[in-house]
Amino acid sequence: MKSAVIVFPASNCDRDAKNALDAMTGKAPAMVWHQESELPDVDLVVLPGGFSYGDYLRTGAMAAQSPIMRAVKTHAEKGGAVLGICNGFQVLTESGLLPGALMRNAGLKFVCRNVAMTVQETQSAFTRKYDSGQTVTFPVAHGEGNYYADEETLDRLEGEGRVMFRYQDNPNGSARGIAGILNDKRNVLGLMPHPERMVDPLTGGTDGRAMFESLIETLS
Amino acid sequence: MTEITPDIVRDHGLSPEEYERIKALLGRAPNLVELGVFSVMWSEHCSYKSTRAHLRKLPTKAPWVLQGPGENAGVIDIGDGDACIFKMESHNHPSFIEPYQGAATGVGGIMRDVFTMGARPIAMMNALRFGEPDHPKTRHLVSGIVSGIGGYGNCMGVPTVGGEVNFHRSYNGNILVNAMCVGLARADRIFLSAAKGAGNPVVYIGSKTGRDGIHGATMASAEFNENSEEKRPTVQVGDPFTEKLLLEACLELMATDAIIAIQDMGAAGLTSSSAEMADKGGSGIELDLDHVPQRETNMTAYEMLLSESQERMLAVLKPGREAQAEKIFRKWELDFAVIGVTTDTHRFVARHKGAVVADIPVTALSDEAPVYQRPFVSREKKAEAPAYDKTKPVLTSLEKILGSPDMASRRWIWEQYDNSVMADTVQHPGGDAAVVRVHGTKKALAITTDVTPRYAKADPFTGGAQAVAEAWRNLTAVGATPLAVTDNLNFGNPQKPEIMGEIVAAIDGIGAACRALDFPVVSGNCSLYNETNGEGILPTPAIGGVGLLKDVSKMATVAFKRPDDVVILIGETKGHLGQSIYLREVEGKEEGAAPPLDLATEKKNGDFVRSLIERGLADTVHDLSDGGVLAAIAEMALAGDIGVSIGQAVTPDPIPFWFGEDQGRYLIAAPFAQAEKIVAEAREKYITIAELGRTGGDSVMLDDKETVTLRQLRATHEGWFPRLMAGEEIPVTN
């Protein structure tokens, strides 16, 4: 599997995503600067966490307008896999690649803690190595992770099996406890919790490994 | 031109004698710009004029110290060509006036101190002191400070991994915000601030200069009164987004060989960075202020030289490398401008609109700055043993203590900090020390901040020494070899002999402990004049310690891990209740002597515990501090969610045994066979050791009689902070 990590100004989990991909695939991902207009030939594009453009205007709003995002959209349209984590999820909703929006946490505070989630769907390139209904624990670290979409969209996401992860103890007020969703073509995943911080038992756990293993198995 | 009147001199925080000294050094009267430059460079904050003579006595050398005090931060060798760069710094005065921005820019400033030396910051800590919980300002300040620290650190993508928080009425009018940053660099790629050589371009990088923060350093060198709110405009405004870009751009430039010297613009901005770089390089510097990137129009030379706008750096490049550097900063969309040149004149010269607006010998701003031997008196130590009610039930007191302001869980705070970004945090907030792996190795750094201000009030010498000893003990308790410290000395007005006495004694205490424990001071910061309307804070000499774990897989944590482990107490317990949490929270008294320290025993006990951890004989260790034995046992039980059954107190009087705060002690929990080994080995080494009980169950049980469930303890321990911040009840204080 060949991968790329997009670097926006003030992305700050770009190196963590790189390290996780390095460790899991044995190959360094391409680090692609947001001003580029083309992607290298890759199977997976990761939009990392962070505070792109300092969260000014709205989280993810300015990064969604970066030159590289046109190439990311084309990649997604062609069926290429895109994984947006935390701020990357916010960029995906802002750029229209995923429905809905991420609002200020219901508690109005930044929240960093390990959260238990249920894996809702295993029919995807991102989750096939998990068991359906399995509980996994990833850390969240965000101020704006409160997922919102209208009822019709939420019903459709649920009905089409596109709610991939659901919080067991909702940390941010997300509608229906949604932690991560898929697009309709099932090749773009956005989630607030951080799988890339969960690939090493020493630093918290290994529940994130199956996501990378799923991608490797599907895309290699 | 403005004539310098005695009023103007006073408004600049300079004494008449200091003004005369300026005139003598210049051989003429200064103009207003020069007076401004002197006022910030000679401020307590920049010149350390009250403490410098005493700070010289601190031990600063060891074979592993690569850079001691005097640079932007201290540097230690952690093996394999890796270096750890760290420093702690206060942002007390601004944080009281404007908590969010004060705390945020405190974090930004200390990060720049570390990355200006070539390090990538990998961990942040903070030591916070607030007034009484029910003081009308406290909630507002806690909330603002915590979101300011989080707002800046989270955006930077550097994990905030721990710290400490105290509440005490002496901080009602002067809170303390001390932030510590730890970074990693290669030992052969450390950048210093000495602007050596003449004719080299001086470049300005980062964000534009505005009118914010003018005279921040002077403000930080004076007491507060009821008009302090008027000083709000002297507080800087932070932009972590720009700082993140500045960090990446600086590290990119540092990967080239274009830089001769680099320093961040912190307190006193352009003035102090340029003057200090020239001073350390033994050169001169000439600035053309017309080229300074400006955020506002019609800025005067005075404003540009004294602005404390954030996220700015000054660098001296090798000639001809300007274009290479500029390209990097343009990529990161940051300002870049050549604003001057180094000279061989040994003078600090600034021009504006073609005219020389300041021309001062560099040494007048550094070596010739006043150093005061301020008069000091040593206070009489309070030595009487305090009385206490011997009939109070022990576990009821334990519950009260675990839910008291200084002992309750700080989860409400640290969940607002990203503590796992960079994916190298091995030990998160809540343990004895934070542990952060050196990426790509099996090494890890252990980090802690410590001081017990109530001890320092009772006995400043012991308080200073105990802060060092506790930092050393916390690092030891996770299995790290303590390497070096940074100090952050927070005190009241040094012009009062009794306060100066506290400062001198605390520094002596720090020095004694650092020497005894082989734990040198490599960087530091002083914050004086923490007084409001003449009322000073408790002396608070905060210590930030760093240690190294060679093999992080051996690390110990506080959490009980198995049932049926033997709980072992290491170190002697005489039952010292003076100045203890017990006395304050249960008896409502702040009395007695600080617990005595025996540094030789401290070292012996700690070295023994560390060797047990390193040899895999102990994986569950907790150092003893606030609250004594029983509070520590309860914390271990709560962390592991495993109960414990303990026997009778070893001394005849149970209360001092369970709650006394004797120093140099640790708790270990180990399976029976290992515990036997540990006990035998301790006896061979003449180390005091006692078996206290066994882990298991879901409660803390004492002498098969009294019981309190973990559920109940947890509710008390976790509940206090959220209830305080929700304003649900006015917590009881003394």
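Cut-offs applied
Residues numbered from 1 in each chain as written. Chains lettered and ligands numbered in written order. Predicted model: local features only at pLDDT ≥ 70, side-chain atom pairs only at ≥ 80, totals over all residues. Helix = DSSP H or I, 4+ residues; strand = E, 2+ residues; numbered from the N terminus. Rg over C-alpha atoms; globule rule 2.2 N^0.38 Å. Buried ≥ 20, exposed ≤ 12 C-beta atoms within 10 Å, placed from the backbone. Contact = placed C-beta atoms within 7 Å. Core = buried A, V, L, I, M, F, W, Y, C linked by C-beta atoms within 7 Å. Pairing = 2+ DSSP bridges. Axes fitted to C-alpha atoms, helices over the stretch in contact; angles between N-to-C directions. Nonpolar A, V, L, I, M, F, W, Y, C, P; charged D, E, K, R; others polar. Expected span 1.5 Å × (residues − 1). Left-handed = near helix turned anticlockwise from the far one by under 90°. pLDDT = per-residue confidence, 0-100. Parallel < 35°, antiparallel > 145°, perpendicular 65-115°, else oblique.

**Student:** What's the story with the overall build of chain B in this structure? I'm lost.
**Tutor:** Of the regular secondary structure elements, chain B holds 25 helices and 28 strands. The C-alpha radius of gyration of chain B comes to 26 Å, within 12% of the 27 Å expected for a compact globule of 734 residues. Taking the principal axes of its C-alpha atoms as reference, chain B extends roughly 85 × 50 × 45 Å. Relative to its 734 residues, chain B shows a buried fraction of 63%. Here the contacts in chain B between residues at least 6 apart in sequence split such that 85% fall between residues at least 24 apart.

**Student:** Just checking my understanding: could you explain the overall build of chain A for this structure?
**Tutor:** If you tally the helices and strands in chain A, you get 5 helices and 11 strands. Computed over the C-alpha atoms, the radius of gyration of chain A is 15 Å, within 12% of the 17 Å expected from 2.2 N^0.38 for a compact globule of 220 residues. A principal-axis box enclosing the C-alpha atoms of chain A has dimensions of 40 × 35 × 35 Å. A burial count over chain A gives 55% of its 220 residues as buried. Contacts spanning at least 24 positions in sequence make up 74% of the contacts within chain A whose residues lie at least 6 apart.

**Student:** Just to check I follow, could you spell out the nonpolar core for this structure?
**Tutor:** Ranked by size, the top nonpolar core spans 314 residues in total, and within it Val435, Ile447, Val468, Ile568 and Ile633 of chain B carry the most contacts. It is helix 19 (residues 497-517) of chain B that contributes the most residues to this core, 12 residues altogether.

**Student:** Help me understand the pairing of strand 13 (residues 355-361) of chain B in this model?
**Tutor:** As a general feature of sheets, a regular strand has side chains that alternate between the two faces. Residue and element names in this part refer to chain B. Of the strand pairs in this sheet, strand 12 (residues 347-352) and strand 13 are connected by 6 bridges, and their pairing is antiparallel. The residue bridging Val349 from the neighbouring strand is Asp359, located in strand 13. In sequence, strand 12 turns back onto strand 13 through a hairpin of 2 residues, with Lys353 there showing a positive phi of about 50°.

**Student:** Would you explain the sheet that holds strand 11 (residues 188-191) of chain A in this entry?
**Tutor:** The strands making up a sheet are joined through hydrogen bonds of the backbone, oriented either antiparallel or parallel. Residue and element names in this part refer to chain A. Spatial ordering of the open sheet is given by 2-1-3-4-11-10-9-6-7, a layout of 9 strands whose pairing is mixed. Each edge of the sheet is formed by a strand with only one pairing partner; in this case those strands are strand 2 (30-33) and strand 7 (135-142). The average undirected angle you get between the axes of adjacent strands in this sheet is 25°. Pairing between strand 9 (residues 163-167) and strand 10 (residues 178-182): 3 bridges, direction antiparallel. Note on strand 10: the bridge partner recorded for Phe165 is Gly180. In this fold helix 1 (residues 14-25) packs onto strand 1 (3-7), strand 2 and strand 3 (44-47), with an angle of close to 170° to the strand it touches most, strand 1.

**Student:** Can you help me understand unusual backbone geometry in this one?
**Tutor:** Comment: phi is negative for the bulk of residues other than glycine, and the bulk of peptide bonds are trans. The phi angle at Arg186 of chain A is positive, at roughly 65°, despite the residue not being glycine. Following the sequence through the fold, Arg186 of chain A ends up in the loop between strand 10 and strand 11.

**Student:** Which parts of the structure should I look at to understand the interface of chain A and chain B?
**Tutor:** Put simply, an interface is often sized by how much accessible area is lost when its parts join up. If you look at the interface, chain A gives 23 residues, while chain B gives 25 residues. Ranked by the residues each element gives to the side of chain A that touches chain B, the list is headed by strand 6 (residues 111-119) of chain A, at 3 residues. For the side of chain A that touches chain B, a count of residues per class yields 12 nonpolar, 6 polar and 5 charged.

**Student:** Sorry if this is basic, but what is going on with helix 11 (residues 269-281) of chain B here?
**Tutor:** Helical periodicity: at 3.6 residues per turn, an α-helix aligns residues three or four positions apart in one direction. All names here are of chain B. With 13 residues, helix 11 extends 18 Å from end C-alpha to end C-alpha; this agrees with the ideal 18 Å at 1.5 Å per step. Most of helix 11 sits out of view: 12 of its 13 residues are buried. Following helix 11 by one or two positions, Gly282 has its phi on the positive side, about 65°.

**Student:** Help me understand the pairing of strand 9 (residues 284-288) of chain B in this model?
**Tutor:** Residues and elements named next belong to chain B. The element strand 9 is extensively covered by neighbouring structure, given that 4 of its 5 residues are classed as buried. One ladder, built from 4 bridges, connects strand 9 with strand 11 (residues 335-343); its direction is antiparallel. Each bridged residue has a counterpart across the sheet, and for Gly284 the counterpart in strand 11 is Thr343. As judged from the 4 bridges shared by strand 9 and strand 12, these two strands associate in the parallel manner. Bridge pairing links Glu286 to Val349 in strand 12.

**Student:** When you look at the sheet that holds strand 8 (residues 259-264) of chain B in this model, what are you seeing that I'm missing?
**Tutor:** All names here are of chain B. As summarised here, the arrangement of the 7 strands in space is 8-10-7-11-9-12-13, forming an open sheet in which the pairing is mixed. Every other strand in the sheet has two partners, leaving strand 8 and strand 13 as the edge strands with one partner each. Going across the sheet, the axis of each strand differs from the next one's by a mean of 20°, ignoring polarity. Where helix 11 meets the sheet, its contacts fall on strand 8, strand 9, strand 10 (312-317), strand 11 and strand 12, and the angle it forms with strand 8 comes to roughly 140°.

**Student:** Would you explain the environment of Ala673 of chain B in this entry?
**Tutor:** Secondary-structure assignment places Ala673 of chain B in helix 24 (residues 672-684). Considered as a pair, Ala673 of chain B and Leu402 of chain B are 271 residues apart in the sequence and their alpha carbons are 32 Å apart.

**Student:** What exactly am I supposed to notice about helix 19 of chain B here?
**Tutor:** Residues and elements named next belong to chain B. Under the 1.5 Å per step criterion, the end-to-end length of helix 19 is 30 Å for 21 residues, consistent within 8% with the ideal 30 Å. With respect to burial, helix 19 is a largely interior element, 15 of its 21 residues being buried. Just downstream of helix 19, Asp518 is the residue with a positive phi angle, here 55°.

**Student:** Quick question: what am I supposed to make of the environment of Lys561 of chain B here?
**Tutor:** Residue and element names in this part refer to chain B. When you line up the elements, Lys561 lands in the loop between strand 21 (540-549) and strand 22 (566-570). Residues Lys561 and Leu710 lie 149 residues apart in sequence; the distance between their C-alpha atoms is 15 Å. Aside from chain neighbours lying at most four places away, what touches Lys561 is Asp619, Thr620 and Gly640.

**Student:** Quick question: what am I supposed to make of the packing of helix 7 (residues 99-115) of chain B against helix 8 (residues 138-156) of chain B here?
**Tutor:** The description of two helices packed together rests on the angle between their axes and the distance between the axes. Residues and elements named next belong to chain B. Relative to each other, helix 7 and helix 8 sit at 35°, their axes nearing to 7 Å. Considering the relative orientation of helix 7 and helix 8, their crossing is right-handed. Two secondary-structure elements touch here, helix 7 through Pro99, Tyr100, Gln101, Gly102, Ala103, Ala104, Val107, Gly108 and Met111 and helix 8 through Leu141, Gly144, Ile145, Ser147, Gly148, Ile149, Gly151, Tyr152, Gly153 and Met156. Grouping the constituent residues of the contact of helix 7 with helix 8 by class yields 11 nonpolar, 8 polar and no charged.

**Student:** Just checking my understanding: could you explain the confidence of the model for chain B for this structure?
**Tutor:** Low pLDDT marks stretches whose predicted atomic positions should not be read closely. Residues and elements named next belong to chain B. In this model, chain B carries a mean pLDDT of 94, and residues with pLDDT of at least 70 account for 97%. Under a pLDDT of 50 for its full length, residues 730-734 has, in the predicted model, 12 contacts with residues more than four places off or in other chains. Here the predicted complex carries an ipTM of 0.96, next to a pTM of 0.96.

**Student:** Just checking my understanding: could you explain the environment of Ile581 of chain B for this structure?
**Tutor:** Residue and element names in this part refer to chain B. Within the secondary structure, Ile581 is located in helix 20 (residues 581-586). Separated by 229 residues in the primary sequence, Ile581 and His352 have C-alpha atoms spaced 58 Å apart. Not counting chain neighbours up to four residues away, the residues in contact with Ile581 comprise Ile401, Ser404, Asp406, Met407, Asp626 and Gly627.

**Student:** Whenever I open this one, the packing of helix 15 (residues 394-402) of chain B against helix 22 (residues 628-640) of chain B confuses me. Can you help?
**Tutor:** All names here are of chain B. Two numbers describe how helix 15 lies on helix 22: the axes approach to 10 Å, and their chain directions differ by 70°. One element, helix 15, and the other, helix 22, form an angle in the roughly perpendicular class. For the pair helix 15 and helix 22, the crossing hand works out as right-handed. When helix 15 is examined against helix 22, the residues Val394, Leu398, Ile401 and Leu402 are found in contact with a partner set consisting of Leu630, Ala631 and Ala634.

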